[in-house]
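Observations on chain architecture
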Amino acid sequence: MLTVKAYGATSATDPLVPLEIDRRDVGPNDVLIEIRYAGICHSDIHTVREEWGPITFPQVVGHEIVGVVAEIGSAVTKHAVGDRVGVGCMVNSCGECDECRAGDEHLCENGNTGTYNSVDVDGTITQGGYSTHVVVNEDFVLRVPEAIPYDKAAPLLCAGITTYSPLAAWGAGPGKKVAVVGLGGLGHMAVKIA
Ligand SMILES: [Zn+2]
Ligand SMILES: [Zn+2]
């Protein structure tokens, strides 16, 4: 077990406070990430304010995570110590259902494991990126190109993919017109990607 510093919620009504949380030991397929930036998604606020239902406290949110690989498990092949990486909204899935086998882990028939406030493989509740370190299965760790600064990369992990996905699904590209409803955190990202 690794004890790390974090900012977390201790109730639905109090401000986030500095606290310490435990991360699991780095397993054979895990990557330990030293977090450099974590974006703030409105889902983080909804979650800690219990606007989407009761949660377990203390709760550390944040699912737009970027950082550097600090340690890898013995069976890890996709990442190496020192790599620039990111983690988005999910950190695991069953890997065996039809959706997972098709590469659509977010649609896992057994429910994917969210980056925070989700039951992890070891039975603990996942804790997110407002923290110094996180341990994640290598399959849910993405490479971040050198050309993208950490702070610019972080919002791509939720706001970015959320808007990229429909643009890609509907074949947006040169010569196509797109309409974006609402120019907030996601909407402005959609305009830039389009
Ligand atoms: Zn989000
Ligand atoms: Zn699955």
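Position numbers for residues start from 1 in each chain and track the written sequence from start to end. To label them, take the chains in the order written and letter them from A, then take the ligands in the order written and number them from 1. Restriction of local features to residues with pLDDT of at least 70 applies here, the model being predicted, together with a cutoff of 80 or more for giving and counting side-chain atom pairs; totals for whole chains, interfaces and linings are based on all residues. The basis for every side-chain value is the complete set of heavy atoms in the structure, and neither hydrogens nor water enter the calculation.

Around the zinc ion (ligand 2), the protein supplies Cys94 (SG), Cys97 (SG), Cys100 (SG) and Cys108 (SG) as donor atoms, at distances of 2.3 to 2.4 Å. In this structure, the zinc ion (ligand 2) is surrounded by 4 donor atoms whose angles at the metal cover 104 to 117°, and the resulting shape is tetrahedral. Positions of the donor residues of the zinc ion (ligand 2), expressed as sequence spacing, correspond to C-x2-C-x2-C-x7-C. Each residue's exposure class comes from its accessible area (1.4 Å probe, protein chains only) as a fraction of the maximum for that residue type: buried when under 20%, exposed when over 50%, partly exposed otherwise. The exposure class of Cys94 is partly exposed, given its relative accessible area of 31%. Taking relative accessible area as the criterion, Cys100 reaches 6% and is therefore assigned buried. Counted as donors are the N, O and S atoms within 2.8 Å of the metal, or 3.2 Å for Na, K and Ca, while water is not among the atoms, so some sites may look incomplete. Every angle between 85 and 135 degrees makes a four-donor site tetrahedral, while opposite donors more than 155 degrees apart, with all other angles between 65 and 115, make a four-donor site square planar and a six-donor site octahedral; other sites are irregular.

Here the focus is the sheet that holds strand E8 (residues 133-137). DSSP calls a pair of strands paired once it identifies at least 2 bridges connecting them. In this text, helices come from DSSP runs of H or I with a minimum length of four residues, and strands from runs of E with a minimum of two, each type numbered from the N-terminal end. Strand order in the open sheet made by the 5 strands is E8-E3-E4-E5-E9, with antiparallel pairing throughout. Looking at which strands have only one partner, the edges of the open sheet turn out to be E8 and strand E9 (142-143).

Now for the pairing of E8. Most of E8 sits out of view: 4 of its 5 residues are buried. Sheet topology places strand E3 (residues 30-38) next to E8; 5 bridges connect them, and they run antiparallel. Bridged to Val31 within E8 is Val136.

What follows covers the packing of aromatic side chains. Put simply, two rings from Phe, Tyr or Trp (the six-membered ring, in Trp's case) pair if the centres are within 6.5 Å, and we call them stacked under 30 degrees between planes, edge-to-face over 60, tilted for the rest. One pass over the structure, following the stated rule, counts 0 aromatic pairs. When the ring centre of Tyr150 is taken as reference, the NZ or CZ atom of Arg84 above it lies at 4.4 Å. The criterion for a charge sitting over a ring is simple: Lys NZ or Arg CZ within 6 Å of the ring centre, and within 35 degrees of the ring normal.

Our next topic: the coordination of the zinc ion (ligand 1). Six octahedral donors around a metal ideally sit at 90 or 180 degrees from one another, while four tetrahedral donors ideally sit at 109.5 degrees. Protein coordination of the zinc ion (ligand 1) is provided by Cys41 (SG), His63 (NE2) and Cys158 (SG), with donor distances spanning 2.0 to 2.2 Å. In the primary structure, the donors to the zinc ion (ligand 1) are separated according to the pattern C-x21-H-x94-C. Here Cys158 lies in the loop between helix H3 (150-153) and helix H4 (159-169) and His63 lies in the loop between helix H1 (42-48) and strand E4 (65-72), a separation of 95 residues in the sequence. With respect to burial, His63 and Cys158 carry one shared label: buried.

Read these as layout, nothing more, since geometry by itself doesn't imply function.
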